[in-house]
Amino acid sequence: MGNGVRIPTATEITQLLAEWNEWLAARTDSLLSLEERVRSAGTAADQADLAAAFVCRKAITDRLDDVEGLARRDRGAAAARAAQPLHDDLGALVGRDLSEAATLLDAVVQRVERSVAGHEQQQVAEARVVAQAGTDLAVAERLSAELGMQVNHVAQLQLALSRRERLADTAVEAAAVRASLEAAANERAGLLQQWHAVGGRVEALAVAEARVRELAARCREKIVQAPLLAVPSVAAFHLDREPLDGLPWAAARGRIAPVLAKLDRVAAALAEAERRFQGALDRRDELRGLLQAFADKASAGGVMELPELDSLYQETKAVLWAAPCDLDRGGALVDRYVATVNTKVQEVAR
């Protein structure tokens, strides 16, 4: 910008000064904006560079004032002045001419801008981490007080966060302790809900026990191979319903969990007993239905009245309709009857 030896015209020097002043106004705005940002996010090096940039800006401003003053009376002297080296107030060289000084100023502004922007991003990221950790610890603090768990751990993390100690690790631990306490709170809610329903559940199990005992008695009366299985007694279940108010969750859980586990075992034992006793009766009914189905097949095939089939049918029917019913013998007889019917029907067909 203006380091040639040719004497510019009045229009040229006016245009040149206008361009320089426009550039200087833009750089002044950038420097003032950076000054605020460097205070909050800059390093010591950024502060030193910014100070040097202001010194450079002053030297350029002073030089432009000189050039503008000379241009009014001697355009040649003004052009020569623009091409001379620039020094700061202490005599240090700023640039060999206006263009070099401007290039230096631009480079410093860009470097400081990049540095500050990087630190601002770090500050934003750190602020997000701090905010999330603060939220996690607020939830954890409430739950730890309610549950009586990890109170000291949460307090230590709160202190570390306030001091910005090991921020990344503290944030990870805060999220972990929150998740742990939320899981414990969910478990507590579920177990307490089951605990409040224990009385009704015991009553329901007593009804189930009566049903299974009736089923077991019927099965033993009607089936030789009735399961050798005892029906659990709900009456033998001792229910401790002492108040849990004021107990830490770990202590309350220690009372609740064994009771619920025992109820689960009683319920599972009743369900298994019902399945096995009913299974024996269902097997008898299945064999009866199979016998009748093949008797119908024999009748349709015209072999129902054959002495061999008739005697086998009567024997099998007597076994299956006996009380108690021998399922092993009945099953073997049904297998023989099915095979014989199939053979006789095929012989008739041939």
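Right, let's walk through the structure included here. Just so you know, these numbers come straight off a predicted model, no measurement behind them. (Residues numbered from 1 in each chain as written. Predicted model: local features only at pLDDT ≥ 70, side-chain atom pairs only at ≥ 80, totals over all residues. Heavy atoms only, no water.)

Here Lys297 lies in helix α8 (residues 249–300). Relative accessible area serves as the criterion here: at 37%, Lys297 is assigned to the partly exposed category. Separated by 189 residues in the primary sequence, Lys297 and Val108 have C-alpha atoms spaced 104 Å apart. The residues touching Lys297, leaving out its near neighbours within four places in the chain, are Val341, Asn342 and Val345. (Helix = DSSP H or I, 4+ residues; strand = E, 2+ residues; numbered from the N terminus. Buried < 20%, exposed > 50% of the residue type's maximum accessible area, 1.4 Å probe, protein only. Contact = heavy atoms within 4.5 Å.)

This part is about the nonpolar core. Core analysis: the largest hydrophobic core is formed by 64 residues, its most contacted members being Leu270 and Tyr337. Residue contributions to this core peak at 17 residues, all from α8. When neighbours within four sequence positions are excluded, Leu270 is seen to be in contact with Leu205, Ala208, Glu209, Val212, Val231, Pro232 and Val234. The next biggest cluster of nonpolar side chains, apart from the first, holds 30 residues, and it includes Ile13, Ala53, Ala82 and Leu86. (Core = buried A, V, L, I, M, F, W, Y, C linked by side-chain atoms within 4.5 Å.)

It is at 10 Å that the axes of α8 and helix α10 (residues 327–349) come closest, and there the two elements cross at 20°. When the axes of α8 and α10 are compared, the pair comes out roughly parallel. Handedness of the α8/α10 crossing: left-handed. Contact residues: α8 offers Ala280, Arg283, Arg284, Leu287, Leu290, Leu291, Phe294, Ala295, Lys297 and Ala298, while α10 offers Leu327, Gly330, Gly331, Val334, Tyr337, Val338, Val341, Asn342 and Val345. For the contact of α8 with α10, the per-class residue count stands at 13 nonpolar, three polar and three charged. (Axes fitted to C-alpha atoms, helices over the stretch in contact; angles between N-to-C directions. Parallel < 35°, antiparallel > 145°, perpendicular 65-115°, else oblique. Left-handed = near helix turned anticlockwise from the far one by under 90°. Nonpolar A, V, L, I, M, F, W, Y, C, P; charged D, E, K, R; others polar.)

As for its placement among the helices and strands, Asp136 is situated in helix α4 (residues 98–147). Residue contacts for Asp136: discarding those within four places in its chain leaves Ala174, Ala175 and Arg178.

We now examine the packing of aromatic side chains. In total, this model carries two aromatic pairs according to the counting rule given. Ring geometry for Trp20 versus Trp23: centroids 5.5 Å apart, planes at 80°, classification edge-to-face. Taken together, the residues span about one helical turn, with Trp20 and Trp23 both in helix α1 (residues 10–41) at a distance of three residues. Taken together, a centroid distance of 5.8 Å and an interplanar angle of 45° make the contact between Tyr313 and Tyr337 tilted. Within this pair, whereas Tyr313 is found in helix α9 (residues 307–320), its partner Tyr337 is found in helix α10, the two being separated by 24 residues in sequence. Both residues of the pair, Tyr313 and Tyr337, belong to the buried class. A cation over an aromatic ring shows up here: Lys317 above the ring of Trp321, its NZ or CZ 5.9 Å from the ring centre. (Phe/Tyr/Trp six-rings, centres within 6.5 Å; stacked < 30°, edge-to-face > 60°. Lys NZ or Arg CZ within 6 Å of the ring centre and 35° of its normal.)

So, on to the packing of α9 against α10. In contact at an axis separation of 9 Å, α9 and α10 are set at 155° when each is read in the N-to-C sense. Taken together, the axes of α9 and α10 are roughly antiparallel relative to one another. In terms of crossing hand, the pair formed by α9 and α10 is left-handed. Within the contact between the two elements, α9 uses Glu308, Leu309, Leu312, Tyr313, Glu315, Thr316, Val319 and Leu320 and α10 uses Arg329, Gly330, Leu333, Val334, Arg336, Tyr337, Thr340, Val341 and Lys344.

Turning our eyes to something else, we now look at the layout of surface pockets. Of the voids in this model, the largest pocket is the one considered here, and its volume is about 220 Å³. Around the largest pocket, the lining comprises 15 residues; the ones closest to its centre are Leu192, Leu244, Asp245, Leu247 and Ala252. Broken down by secondary-structure element, the contributors of at least two residues to the lining of the largest pocket are α4, α6 (167–196) and α8. With four residues, the single largest contributor to the lining of the largest pocket is α6. Class assignment of the residues belonging to the lining of the largest pocket gives a composition of nine nonpolar, two polar and four charged. (1 Å grid on protein atoms, 1.4 Å probe; cavity = no way out; pocket = protein on both sides within 12 Å on 5 of 7 lines; lining within 4 Å. Points joined across faces, edges and corners; volume = space filled by probe spheres on them.)

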